[in-house]
Amino acid sequence: MDANTTAIATRARFLNARLAGWVALAVLSCALPFVISSYHTFQVTMVLVYAIALLGLNMLTGYNGQISLGHGAFYALGAYTAAILMNSLNVPYWATLPASAGVCLVAGFLFGLPALRLEGLYLALATFALGVTMPPLLKYKALDAVTGGVQGIVIIKPDPPFGLPVNQDQWLYFFTLVIAIVLFLLARNLLHGRVGRALIAIRDQPIAAEAMGVNSAIYKSLTFGVSAMYTGIAGALGAIAVQFVAPDSFDIFLSISFLVGSVIGGISSIAGAVFGGAFIVFIPNIASQISKAAPWAIYGVFLIGFMYLMPGGVVAFLRIALAWATRRFRK
Amino acid sequence: MNIFWEQVGSGLVTGGIYASVALALVMIYQATHQVNFAQGEMAMFSTYIAWSMIHAGLPYWVAFVLTVLISFVGGVVIERVIIRPVENAPVLSVVVVFIGLLVIFNSLAGWIYTYTIKSFPSPFPSQPLFGFRYVSPHGIGAIGVTLVVLVLLYAFFRFTPLGLAMRAAAQNPASARLVGIRVGWMLALGWGLAAAVGAVAGMMVAPIVYLDPNMMSGVLLYAFAAALLGGIDSPGGAVLGGFIVGVLENLVGAYVIGNDLKLSLALVLIVGVLIVKPAGLFGKTLVTRV
């Protein structure tokens, strides 16, 4: 065999392995809700929900270089849009998603316009203030009739349609899974194409990007909009899954855990969002199992520990590990 | 009119607190070009240390000085042990480490001292001073302490060789290293100073808002707004910004939007400053060369 055919054979083996991996993942994610308890199914649903939100943040912060410490505000906006539509106007749950998406797209785009002038730290501060301001706004007395004030809004859990033989939690899991897959594929196509290259160019070399004809103002504010839209859809899904929205569940800590999840998963990656979602859902639980008295201290130790071990996030770490493993096997 | 002046007076008092936390933020920013999100929680923890010493029977000013010293050492140790290993990591990873510090301090304080609200003594007399009716004596004392700290810091940075070395290390690390300044230690010193200033701020704010693990969360946001308003690289601007934000917050809260939406003022202020004058009132405008 000459070198060329060897290369082709290696490539084919690699593609086969990759295909097998995807099939295994698909089978696993379909079988999962039938082998674990309802509560765990709910947790996995929340991982997917947060993964969608983090994907939005990754686009903005990881690919476009705009730091946001206030994405909880868009999550809250999406959640409240869905809750108000379902509660006051009796809109079916699936129809609230496009509405939340639209509202957050516009809100994100509008916030993205003044944010154009801000970079790095200053943008982090402005978005931080946005995140902090959201709960008091939602509690505001004048809006009580619509938002339910401090008490929030209770939502009824949707039943599975067409008489499918699954329970509510399992149905919600599959519903979220399908939406997550669609959104991830869309994001992948967006980020791996012309638009994605423009975003990365703006992040790394803003002046060169402008010189190449990239309209950075439009790209940046639209990225803010699309990012807020992803997070808003996640908010709507999260509200349906939790069956409850209240101002205090969308405090600044939510925004901060989004950024934390993003960075820990790997901020300039698409797959990182899933790892980040898992971190947000599971690590606080593990922390409170380790120490009932000071769970957040343990959480903080986890944060710092993750950053020491994998400063580039889980995805970067896996990439390095994979490269190391392949080198080992070749020899 | 009396009520108006009372609002202005209490605004000046809270403004003094925002000013000292803003000062600490600006210090770390000048020394390291990082914004420390854990600043407020570090100050809160220092205040708890002071509280336990006063509780154990030490006189106030002894406890005060000891707390400032302990906080200084604590700041240096945190930089050396926790921040140093991630020195070369991406900026966002450093931010996550700060957030980790924030939750650790908050949780530790709640664990050691419980979440019940404690009162904290004021070192100043309770009789009105110099016939000022609108500002409480503690308020005047707190403002005075803030101004003293400002003057001390200014003198330190302006007139001492160590201050000069710290400024050099922040502005141009490579050249500073070439002339023999130990840049790493200068960063650690910057952290120590900021922690000490934060401790002073915490001990001044505690008699007004009472001591609990979450006492600094609102303060930190206003301090951010103050630092931005004054210019994030200008200590004097941060102090003036603090007073402006404090007075504005009280007046707007009392007359315009009510207390519920007071926190939104910080957002409006931050976004407004950033849009109209991103460098702040006294900050240097950075020009990037292409």
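Residues numbered from 1 in each chain as written. Chains lettered and ligands numbered in written order. Predicted model: local features only at pLDDT ≥ 70, side-chain atom pairs only at ≥ 80, totals over all residues.

### Comments concerning the overall build of chain A
From N to C terminus, chain A includes 14 helices and two strands. Compactness check: chain A gives a C-alpha radius of gyration of 21 Å against a globular reference of 20 Å for 331 residues, within 12% of the reference. Taken along the three principal axes of its C-alpha coordinates, chain A extends 75 × 55 × 45 Å. Looking at chain A as a whole, 49% of its 331 residues are labelled buried. Pairs at least 24 residues apart make up 77% of the contacts formed inside chain A by residues separated by at least 6 positions. (Helix = DSSP H or I, 4+ residues; strand = E, 2+ residues; numbered from the N terminus. Rg over C-alpha atoms; globule rule 2.2 N^0.38 Å. Buried ≥ 20, exposed ≤ 12 C-beta atoms within 10 Å, placed from the backbone. Contact = placed C-beta atoms within 7 Å.)

### Some words on the overall build of chain B
From N to C terminus, chain B includes eleven helices and zero strands. Along chain B, helices and strands appear, N-terminal first, in the series α-α-α-α-α-α-α-α-α-α-α. Long-range contacts, defined as pairs at least 24 residues apart, comprise 76% of the intrachain contacts of chain B with a sequence gap of at least 6.

### Concerning helix α4 (residues 93–115) of chain A
Note that an α-helix has 3.6 residues per turn; residues three or four places apart therefore point the same way. For α4(A), with 23 residues, the first-to-last C-alpha span of 32 Å sits near the 33 Å given by 1.5 Å per residue. Restricting attention to buried positions, one finds in α4(A) the residues A:T96, A:S100, A:A101, A:V103, A:C104, A:L105, A:A107, A:G108, A:F111, A:G112 and A:A115. (Expected span 1.5 Å × (residues − 1).)

### Considering the interface of chain A and chain B
Across the boundary between the two partners, chain A contributes 34 residues, which contact 35 residues of chain B. Of all the elements in the fold, those that place two or more residues in the side of chain A that touches chain B are α5 (120–139), α11 (252–265) and α13 (295–309) of chain A. Take the side of chain A that touches chain B: its biggest share by element is eleven residues, from α5(A). Residue classes in the side of chain A that touches chain B are distributed as 29 nonpolar, two polar and three charged. (Nonpolar A, V, L, I, M, F, W, Y, C, P; charged D, E, K, R; others polar.)

### As for the packing of α11(A) against helix α4 (residues 91–113) of chain B
At a minimum axis distance of 10 Å, the contact between α11(A) and α4(B) shows a crossing angle of 130 degrees. One way to sum up the angle between α11(A) and α4(B) is to call them oblique. The chirality of how α11(A) crosses α4(B) is left-handed. Of α4(B), the residues touching α11(A) (which contributes A:I256, A:V260 and A:V263) are B:L92, B:S93, B:V96 and B:I99. Split into classes, the residues belonging to the contact of α11(A) with α4(B) amount to six nonpolar, one polar and no charged. (Axes fitted to C-alpha atoms, helices over the stretch in contact; angles between N-to-C directions. Parallel < 35°, antiparallel > 145°, perpendicular 65-115°, else oblique. Left-handed = near helix turned anticlockwise from the far one by under 90°.)

### Concerning the nonpolar core
Formed by 201 residues in total, the largest nonpolar core has its most connected members in A:I52, B:V21, B:A22, B:A223, B:A225, B:A226 and B:I270. No other element matches the 17 residues that helix α8 (residues 183–209) of chain B contributes to this core. Contact partners of A:I52, with chain neighbours within four places excluded, come to A:A180, A:L183, A:Y230, A:I233, A:A234 and A:L237. (Core = buried A, V, L, I, M, F, W, Y, C linked by C-beta atoms within 7 Å.)

### A look at the confidence of the model for chain B
Counting all residues, the mean pLDDT for chain B is 80, and 88% of those residues have values of 70 or more. The element-level mean pLDDT for chain B is lowest in helix α11 (residues 262–276) of chain B, coming to 72, with helix α3 (residues 60–83) of chain B highest at 90. (pLDDT = per-residue confidence, 0-100.)

### Concerning the environment of A:L190
All names here are of chain A. Tracing the chain through its elements places L190 in helix α7 (residues 168–191). In the structure, L190 is positioned 117 residues away from A73 in sequence and 24 Å away in space, judged by C-alpha atoms. The contact partners of L190, leaving out residues within four places of it in the chain, are V195 and G196.

### Topic: the environment of A:A241
Residue and element names in this part refer to chain A. In this structure, A241 sits in helix α10 (residues 216–242). The exposure class assigned to A241 is buried, which follows from the 22 C-beta atoms found within 10 Å. Sequence separation between A241 and P158 is 83 residues; the distance between their C-alpha atoms is 9.0 Å. When sequence neighbours within four positions are dropped, the list of residues in contact with A241 reads F42, T45, M46, V49 and L172.

### Side note on the packing of helix α12 (residues 272–290) of chain A against α13(A)
Residues and elements named next belong to chain A. Between α12 and α13, whose axes approach to 8 Å, the crossing angle comes to 125 degrees. With respect to α13, the element α12 is oriented oblique. α12 and α13 meet at a crossing whose hand is right-handed. Taken together, the residues of α13 that come into contact with α12 (itself represented by I283, P284, A287, S288 and I290) are P295, I298, Y299 and F302. Its residues placed into classes, the contact of α12 with α13 shows eight nonpolar, one polar and no charged.

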